Amino acid sequence: MDLERLLEKSQKRQWKVGDLDWSQKPRDLSPEDEMTIVQCFTDMAGIERLAGALFEAQRRSAEDPTIKELFRTFVVDEVRHAHAAQMLADHYDRRKLKHYSVNPSLRRFAPAFIGALEHFSPSVANAYTTGGEIMLDIALLRSINDFVDDGMSTDVMRLINQDESRHVAMDFHMVEYYCSDAWAEKAEALPAKTPAEEVQAWSAITKMMYFAQPFFQDVFFRPMQLVDPSGKRMQEAFKRMQLLSKKEEVARTPLARLMTSARELYKNPIARKTLGPVLTRLVGLDASAMDDLFTETEARSVQGKTFDELAQETLALKYQSSSASRGRAAA
Ligand SMILES: [Fe+2]
Ligand SMILES: [Fe+2]
């Protein structure tokens with residue numbers, strides 16, 4: 001991938017929330033839908049800030065000046081997405097039915113997550129970014145936008161999607177880098193943690209994992225049940241993550257091996273019965289992400305594809321029309 005070109009694009013395609021026409025009148029919404037939508041956008045603002053923190057962690061650890069600068073622009077993008085989401089929340093809060101605040105699980109998870117980020121290897125921070133952006137872009141944002149089904153949200157999402165295309169391309173590029181021999185050599189040469197640092201790291205990561213599942217439940221899975229009741233998009237997002245981890249280079253990494261072992265163990269009925277909640281917590285996801293969602297042919301076909309091709313395939317899913325929006329448009 002041409003990083004210089006990506007950086008040029010990233011600098012050129014910056015936009016401001018003020019570029020949008022916020023005077024548009026929203027379509028009529030029931031009080032229940034209004035509350036759902038305002039809450040979704042309120043939480044989205046918090047999630048976008050977390051995405052910004054992930055890119056900031058990667059910016060700090062990057063050595064290459066182009067990559068460092070790319071991550072800097074991504075942090076700016078995510079902060080802008082957070083502002084735009086908050087403005088959408090205010091835009092749809094027509095009746096002032098209640099006071100909205102960020103979901104408590106997200107509020108608890110955010111500082112624990114940012115604390116743990118300090119102790120992660122950059123490869124782990126990248127894995128979280130990639131997984132998070134796949135879930136956010138393929139599943140959550142697309143489904144929220146279809147559910148809202150209104151011009152203002154669509155205008156904002158169109159601009160956000162342009163930024164996200166660059167982020168996902170970079171996420172996959174970095175996954176490839178962290179699978180390379182160059183990174184393996186570098187990681188080997190890093191100074192070992194002292195016992196005190198190990199203890200600190202494990203306590204930060206344990207704390208984060210404790211808050212991770214309620215966060216995913218309240219901020220991803222529960223809203224997804226409302227805005228994508230078929231569960232189709234969540235499955236698509238999980239499938240893309242599983243396929244990426246099946247790619248030979250990725251499958252060899254310790255994190256992918258850990259996730260795959262947890263999923264393999266989950267297939268065993270006895271282990272599922274006794275360890276099921278622990279295993280799903282380890283993978284950090286919902287039980288529906290534990291089974292294989294791909295076919296053998298699909299798993300084989302990822303081996304012959306480049307990381308950039310896989311990123312483009314993932315991005316293409318974002319633009320597939322959904323039956324939900326078609327249904328509403330026809331109504
Ligand atoms: Fe974003
Ligand atoms: Fe992003």
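Below: a short report on this structure.

Criteria and cut-off values
In this convention, every chain numbers its residues from 1, walking through the sequence in written order. Labels are handed out in written order, letters beginning with A for the chains and numbers beginning with 1 for the ligands. Residues qualify for local features only when their pLDDT is at least 70, as the model is predicted, and side-chain atom pairs are given and counted only at 80 or more; totals for whole chains, interfaces and linings, by contrast, use all residues. Water and hydrogen atoms play no part in the side-chain values, which are based on all heavy atoms of the structure. Metal donors: N, O and S atoms at distances within 2.8 Å, or within 3.2 Å for Na, K and Ca, with water omitted from the atom set so that some sites may seem incomplete. Comment: elements are numbered from the N terminus, with helices defined as DSSP H or I runs of at least four residues and strands as E runs of at least two. Think of it in three bands: with a 1.4 Å probe and only protein chains considered, a residue is buried below 20% of the maximum accessible area for its type, exposed above 50%, and partly exposed in between. Orientation is described by lines fitted to C-alpha atoms, with helices fitted over the stretch in contact, and by angles between N-to-C directions that extend from 0 to 180 degrees. Roughly parallel here means an angle under 35 degrees, roughly antiparallel means over 145, roughly perpendicular means 65 to 115, and every remaining angle is called oblique. What makes a crossing left-handed is the near helix being turned counterclockwise from the far one by less than a right angle; a clockwise turn instead makes it right-handed. By definition in these notes, contact holds between two residues if any of their heavy atoms fall within 4.5 Å. Side-chain classes follow a simple rule in which Ala, Val, Leu, Ile, Met, Phe, Trp, Tyr, Cys and Pro form the nonpolar group, Asp, Glu, Lys and Arg form the charged group, and the remainder, Gly included, forms the polar group. Here a Phe, Tyr or Trp ring, Trp counted by its six-membered ring, pairs with any other such ring whose centre lies within 6.5 Å, and the pair is stacked when the planes are under 30 degrees apart, edge-to-face when over 60, and tilted otherwise. Charge-over-ring placement is defined geometrically: NZ (Lys) or CZ (Arg) within 6 Å of the ring centre, and within 35 degrees of the ring normal. Each polar contact in these results corresponds to two N or O atoms within 3.5 Å; when the atoms are within protein, one needs to be able to donate a hydrogen and the other to accept it, and residues that are neighboring in sequence are counted only if both atoms are side-chain atoms.

### A closer look at the coordination of the iron ion (ligand 2)
Every protein donor of the iron ion (ligand 2) is accounted for by Glu78 (OE), Glu133 (OE), Glu164 (OE), Glu164 (OE) and His167 (ND1), and the metal-donor separations fall at 1.8 to 2.5 Å. Of note, the iron ion (ligand 2) draws all its donor residues from one chain, in the sequence arrangement E-x54-E-x30-E-x2-H. The distance between the iron ion (ligand 2) and the iron ion (ligand 1) comes to 3.5 Å, with Glu78 serving as a donor to both metals. Note that Glu78 is positioned in helix H3 (residues 65-92) and Glu164 in helix H6 (residues 151-178), a separation of 86 residues in sequence. Assessed through its relative accessible area of 0%, Glu164 is described here as buried.

### Focus: the packing of H3 against H6
Contact geometry of H3 with H6 gives a least axis separation of 10 Å together with a crossing angle of 155 degrees. Here H3 lies roughly antiparallel to H6, going by the angle between them. Considering only the axes of H3 and H6, their crossing is left-handed. Contacts between H3 and H6 involve Ile67, Leu70, Phe71, Phe74, Asp77, Glu78, Arg80, His81, Ala84, Leu88, His91 and Tyr92 on the former and, on the latter, Met152, Ser153, Val156, Ile160, Asp163, Glu164, Arg166, His167, Met170 and Met174. In the contact of H3 with H6, the residues fall into twelve nonpolar, four polar and six charged.

### What to know about the packing of aromatic side chains
Counted according to the given criterion, the structure contains 17 aromatic pairs. On the numbers, 6.0 Å between centres and 20 degrees between planes, the contact of Phe41 with Tyr92 is stacked. Here Phe41, found in helix H2 (residues 31-61), pairs with Tyr92, found in helix H3; they are 51 residues apart in sequence, far enough to count as distant. Taking relative accessible area as the criterion, Phe41 reaches 0% and is therefore assigned buried. Seen in terms of ring centroids, Phe71 and Phe74 are 6.1 Å apart; in terms of plane orientation they differ by 80 degrees. Their pairing is edge-to-face. With a gap of three residues between them, Phe71 and Phe74 both fall in helix H3, about one helical turn apart. The pair Phe71 / Phe74 is uniform in exposure class, with both members buried. Aromatic ring contacts, followed pair by pair, group Phe109, Phe113, Phe120, Tyr128, Phe215, Phe216, Phe220, Phe221 and Phe238 into a single cluster. It is Arg80 that lies over the ring of Trp15; its NZ or CZ is 4.7 Å from the centre.

### A closer look at the side chain of Thr66
Take Thr66: it is sitting in helix H3. Residue Thr66 is classed as buried on the basis of its relative accessible area, which comes to 13%. In this structure the side chain of Thr66 is engaged in a polar contact, spanning 3.0 Å, whose partner is the side chain of Glu4.

### Description of the environment of Arg252
With respect to the secondary-structure elements, Arg252 resides in the loop between helix H10 (248-251) and helix H11 (254-267). We classify Arg252 as exposed; its relative accessible area is 52%. Placed 73 residues apart in sequence, Arg252 and Cys179 show a C-alpha to C-alpha distance of 8.0 Å.

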